[in-house]
Structures are given as structure tokens and as C-alpha cells.
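Listed below, chain by chain, are the residues.
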Amino acid sequence: MGIFDKLFGQKKESNNMENVKLAVIYYSSTGTNYKMAQWAKEGAEAAGADVKVLRVEELAPEAAIASNPAWKEHIKATKDVPVATNDDLEWADAIIFSAPTRFGNLPAQMKQFLDTTGGLWAGGKLINKVVSGMSSASNPHGGHEATVQVLYTSMMHWGAIIVPPGYTDAVQFTSGGNPYGVSVTVDQEGNMQEDVQDAVKHQAKRTVDIASMVKKGQE
């Protein structure tokens, strides 16, 4: 093989780099974070990523779910969404988490899933995963920022690369302005009070873009 063949071969190999693999992992009781996960999928696919949308396992007792018609209906409507596993984390180059606040903290369902990752952590399988987080709450000071920051604490222990949206796009100023991760306020009827669709898509694109840089750097 001549020098030009080698050069052209290297160029071709570089251009054929696999797409970024993104896992969007959410917990949602009545649908808000599921919808945000879908928007993240759309934004990431537009940026060229291969995307899986995955839910964490529901832990609430049947009686609690049955007492809330919206919760019960959402569980039924999303029963075919695959449940996230450690294999999905190992597969992914990047991960976007989306979950509602629970007293300014992660819901037990999401925390339980993160608590199962000890084996991957011990094996160094989570190092340099590119991660980002989103959340929701029932009032503007109900834990939006705290929930995302709590999530990022676990990501620091992973040795992950955290990608917040910051104020990297003007859409941040029209969607609630949370620089840690897109969040939305939801009223008692389940209606989103801010228009966050474009902000979610921007955060997903930014996550994919950074993951692509990391992936190229590791080749």
C-alpha cells in the first residue's frame, strides 16, 4: 500500500467513526419527564446520535399508583418502554437523565437504579461517560436545581464528564433559565408552565456534540 493509499485509508476510517450512542434514562409518574425524554431523543437524533429511551423500574406500591388516575394511565401507556439496565450504561457514550424532584432530591426509583451501578463503577466502566440531567417540580422553587445537582454528585463519583446547558443558547433565557439542566414547573393538572421543548433539544444536541469530541479523542 502506497503513502496516498494509507492517507486516504486513514481519512476514510476517520469519517466512518460510529455515531454517538446516547441513552436517555427517565423516571416519570404522570408523563412530564417522559415527554422531556422524547424531546431529548428528537434533539439527539437530529445531531446524528443513535438513541435509546429507557425508563427506570417503578417501585411504588400498586395502591399508590391506583389512587392517582394520571399515574395509573401513564404506567399503562408506557409499559412497552424498555427498562434501563447496566448493559445500557455500558453501551452508551452519553447519558441524559430526566426525573422529577422528590423533596429536592432524586426520586427513589432513579436513585435505586443508580445504586445498582457499583459493579460498573468498580470496573471503571463509567469513567468519561458524558452525562447531563433534567428535572421538573410543582413550583419554581420546588427543587429544580437541587435535583439536578444531586444527580451530578453521583456522576462525579463515576468519573463522568458532566455537560450542563449553561447559557450556551438564547433558548435558556425563555425556558426557565436553569443552567444546570433543563427543568420545568408543572401544575396540579400536569400542565407544563414553561415552554422547554427547544431547550431540551438544545441540551441533547450539546450533550451529543461534547460526547462526539470525547469519542474522537479516545480513538
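Everything that follows concerns the structure shown earlier in this document.
Cut-off values and rules
- Residues numbered from 1 in each chain as written.
- Predicted model: local features only at pLDDT ≥ 70, side-chain atom pairs only at ≥ 80, totals over all residues.
- Heavy atoms only, no water.
- Helix = DSSP H or I, 4+ residues; strand = E, 2+ residues; numbered from the N terminus.
- Rg over C-alpha atoms; globule rule 2.2 N^0.38 Å.
- Buried < 20%, exposed > 50% of the residue type's maximum accessible area, 1.4 Å probe, protein only.
- Contact = heavy atoms within 4.5 Å.
- Areas by Shrake-Rupley, 256 points an atom, 1.4 Å probe, with all protein chains shown as cover.
- Salt bridge = Lys/Arg side-chain N within 4 Å of Asp/Glu carboxyl O.
- Pairing = 2+ DSSP bridges.
- Polar contact = N/O pair within 3.5 Å; in protein donor to acceptor, adjacent residues only side chain to side chain.

Q: Could you give an account of the overall build of the chain, naming the residues involved and the relevant values?
A: Along the chain, the regular secondary structure elements total nine helices and six strands. Against the 2.2 N^0.38 benchmark of 17 Å for 219 residues, the chain shows a C-alpha radius of gyration of 18 Å, consistent with a compact globule. The dimensions of the chain, computed from C-alpha atoms along their principal axes, are 70 × 40 × 30 Å. Per-residue burial over the chain gives 46% buried out of 219 residues. Considering only contacts in the chain between residues 6 or more positions apart, those separated by 24 or more positions represent 76%. Summed over all atoms, the accessible surface of the chain reaches about 11300 Å², with 52% contributed by carbon and sulfur.

Q: An account of the pattern of salt bridges is needed here, citing residue identities and associated values.
A: Taken as a whole, this structure holds eight salt bridges when the rule is applied. Its salt-bridge partner being aspartate 80, residue lysine 79 comes within 3.6 Å of it at the nearest N-O pair. The two residues lysine 79 and aspartate 80 agree in class, both being exposed. The salt bridge partner of lysine 125 is glutamate 90, with a shortest N-O separation of 3.8 Å. Linking lysine 125 in the loop between helix 7 (118–122) and strand 4 (130–137) with glutamate 90 in helix 5 (residues 86–91), this pair joins segments that are 35 residues apart in sequence.

Q: Can you tell me about the pairing of strand 4, naming the residues and giving the values?
A: Counting buried positions along strand 4 yields eight of eight residues, so the element is predominantly enclosed. The alternating pattern of strand 4 places Val130, Ser132, Met134 and Ser136 on one face and Val131, Gly133, Ser135 and Ala137 on the opposite face, and all of these are buried. As defined by bridge partners, strand 3 (residues 94–100) adjoins strand 4 across seven bridges and the pair is classed as parallel. Paired with serine 98 across the bridge in strand 4 is methionine 134. Here strand 4 pairs with strand 5 (residues 161–162) via two bridges, running parallel.

Q: Requested: an account of the side chain of threonine 32, with residues and values cited.
A: Along the chain, threonine 32 turns up in helix 2 (residues 32–46). Residue classification places threonine 32 among the buried positions, given a relative accessible area of 9%. Discounting residues that sit within four places of it in the chain, threonine 32 has contacts with Ser136, Val184, Val186 and Met192.

Q: Before we move on, can you summarise the environment of tyrosine 27 with the specific residues and values?
A: Turning to its location among the elements, tyrosine 27 is positioned in the loop between strand 1 (21–26) and helix 2. Judged by relative accessible area, tyrosine 27 falls into the buried class, the value being 2%. Each C-alpha atom of the pair tyrosine 27 and alanine 99 lies 5.0 Å from the other, and the pair is 72 residues apart in sequence. Residues within four places of tyrosine 27 in sequence aside, it is in contact with Asn33, Val56, Glu58, Trp71, Ser98, Ala99, Pro100, Arg102, Pro107, Gln109 and Met110. At a separation of 3.1 Å, a polar atom in the side chain of tyrosine 27 contacts the side chain of glutamine 109.

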